[in-house]
Every structure is written in structure tokens, then in C-alpha cells.
Amino acid sequence: MSFLLPKLTSKKEVDQAIKGTAEKVLVLRFGRDEDPVCLQLDDILSKTSSDLSKMATIYLVDVDHTPVYTQYFDISYIPSTVFFFNGQHMKVDYGSPDHTKFVGSFKTKQDFIDLIEVIYRGAMRGKLIVQSPIDPKNIPKYDLLYQDI
């Protein structure tokens, strides 16, 4: 399903998307097109993109083509989904140590829709971090990896 969503293939394109998306949540899915979990997430993103078109713009970003952002957002697990609003990085408290990105695939389309609505409403009120509406049992668990400490 990744062919249904627009792709950003360079740092410049990602920069333009971040700067140019106004009054909408910008959703950047970092991953690889051939990864099965990325394909599962892409299916959810593509099925919800038209429903969320007034609130969100969704792009796919290949981690191999944008190493600057992959390193900046510490993308060590794919897929990782990062959110912006009017050029500001939006953080979400998922009940995990990392509030900067959602790691893994959403369990249902409704989980993704609910999250976008909460981010959008919070951002419209000037918040930079919001509480996740997703049931904690639907949030993938992972361990943070620290190398060379």
C-alpha cells in the first residue's frame, strides 16, 4: 500500500514538507517499503489519509535516503512515525520513555485517527506534547538501546 502515499526521498524534500505544511498535522513514517511491519502501517495510513485530509498530511520517508533525519530522530526501530504541526515537532506521551516518535504499527485505523485528532486539537491550543489516547495494550513495547556508553 506504500505506493498510495507520497514519498520524500531527500533531506531537502523532508525540510520542505516540515516548513510548508501549515495548520495540519504532518505525519512522517520512517521505514522501508519492503519491510512487512512498514507495509502493515502503510495500509492503515493509506486507508485513513482521505478521512484525515482536513487535519493531516502523510508522507513516507525511506530511512536509507535520509540518514540525517534517521540519526536526528534516533530511528533505530522501523517503522517510526514522527509528528509535526506548523514546523514544530509534536511529542506524544505514550507511557514509554520516548515521546518523540511512535515505534511500530498501529493496531487499528481508529487508534491512528484518535491520535491525529488529539495531536491536532492539542497543537491548535499551543501544546507541544499531548497525552496519547491509544489504549496502552495497543502500543508496541520495545527497549531503548544505548550503544557506546
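Just above, that's the structure.
In what follows, the accompanying structure is described. (Residues numbered from 1 in each chain as written. Predicted model: local features only at pLDDT ≥ 70, side-chain atom pairs only at ≥ 80, totals over all residues. Heavy atoms only, no water.)

### Digging into the packing of aromatic side chains
Applied cut-off: Each aromatic pair joins two rings of Phe, Tyr and Trp (for Trp, the six-membered one) with centres within 6.5 Å, and gets the label stacked for planes under 30 degrees apart, edge-to-face for over 60, and tilted for any other angle. The helix count covers DSSP runs of H or I at least four residues long, the strand count covers runs of E at least two residues long, and both are numbered beginning at the N terminus. Throughout, exposure labels follow a simple rule: accessible area from a 1.4 Å probe, protein chains only, divided by the maximum for the residue type, with under 20% read as buried, over 50% as exposed, and the rest as partly exposed.
Under the definition given, this model contains eight aromatic pairs. Ring geometry for Phe73 and Phe84: centres 5.9 Å apart, planes at 70 degrees, overall edge-to-face. Here Phe84 lies in strand 4 (residues 80–85) and Phe73 lies in the loop between helix 3 (67–72) and strand 4, a separation of 11 residues in the sequence. A relative accessible area of 5% means that Phe84 is categorised as buried.

### A word on the pairing of strand 2 (residues 25–31)
The criterion, for reference: When DSSP finds at least two bridges between two strands, those strands are taken to pair. Looking down the strands as they point away from the viewer, one classifies a crossover as right-handed if the path from the first strand across the helix to the second runs clockwise.
Of all the seven residues making up strand 2, seven are buried; the element is thus mostly covered by neighbouring parts of the structure. Here strand 2 shows two buried faces, one formed by Val25, Val27, Arg29 and Gly31 and the other by Leu26, Leu28 and Phe30. Bridge count for strand 2 against strand 3 (residues 56–62) is seven bridges, and the pairing is parallel. Paired with Gly31 across the two strands is Asp62, which belongs to strand 3. You can see the chain leave strand 2, run along helix 2 (residues 36–49) and come back into strand 3, and the turn it takes is right-handed. In this sheet, strand 4 lies alongside strand 2 in antiparallel orientation, the contact comprising six bridges. If you follow Val25 over to strand 4, its bridge partner there is Phe85.

### Some remarks on the pattern of salt bridges
Note the cut-off: Only one rule defines a salt bridge in this text: a Lys or Arg side-chain nitrogen within 4 Å of an Asp or Glu carboxyl oxygen.
On inspection of all chains with the given rule, the structure shows six salt bridges. Measuring nitrogen to oxygen at the nearest pair gives 2.7 Å for the salt bridge that ties Asp15 to Lys11. With Asp15 and Lys11 both in helix 1 (residues 11–20) and four residues apart, this pair spans about one turn of that helix. Lys11 sits in the partly exposed class, given a relative accessible area of 38%.

### Remarks on the nonpolar core
Filter applied, for reference: In these notes, a set of buried Ala, Val, Leu, Ile, Met, Phe, Trp, Tyr and Cys residues joined through side-chain atoms within 4.5 Å is what counts as a nonpolar core. Here, two residues are considered to be in contact whenever any of their heavy atoms come within 4.5 Å of each other.
Counting 27 residues, the largest nonpolar core has Phe83, Phe106, Phe112 and Ile116 as the members making the most contacts within it. Among the elements of the structure, strand 2, helix 2, strand 3, strand 4, strand 5 (88–93) and helix 4 (109–124) are those that each provide at least two residues to this core. Not counting residues up to four positions away in its chain, the partners in contact with Phe112 are Val27, Ile44, Leu45, Thr48, Leu52, Ile58, Phe83 and Phe106.

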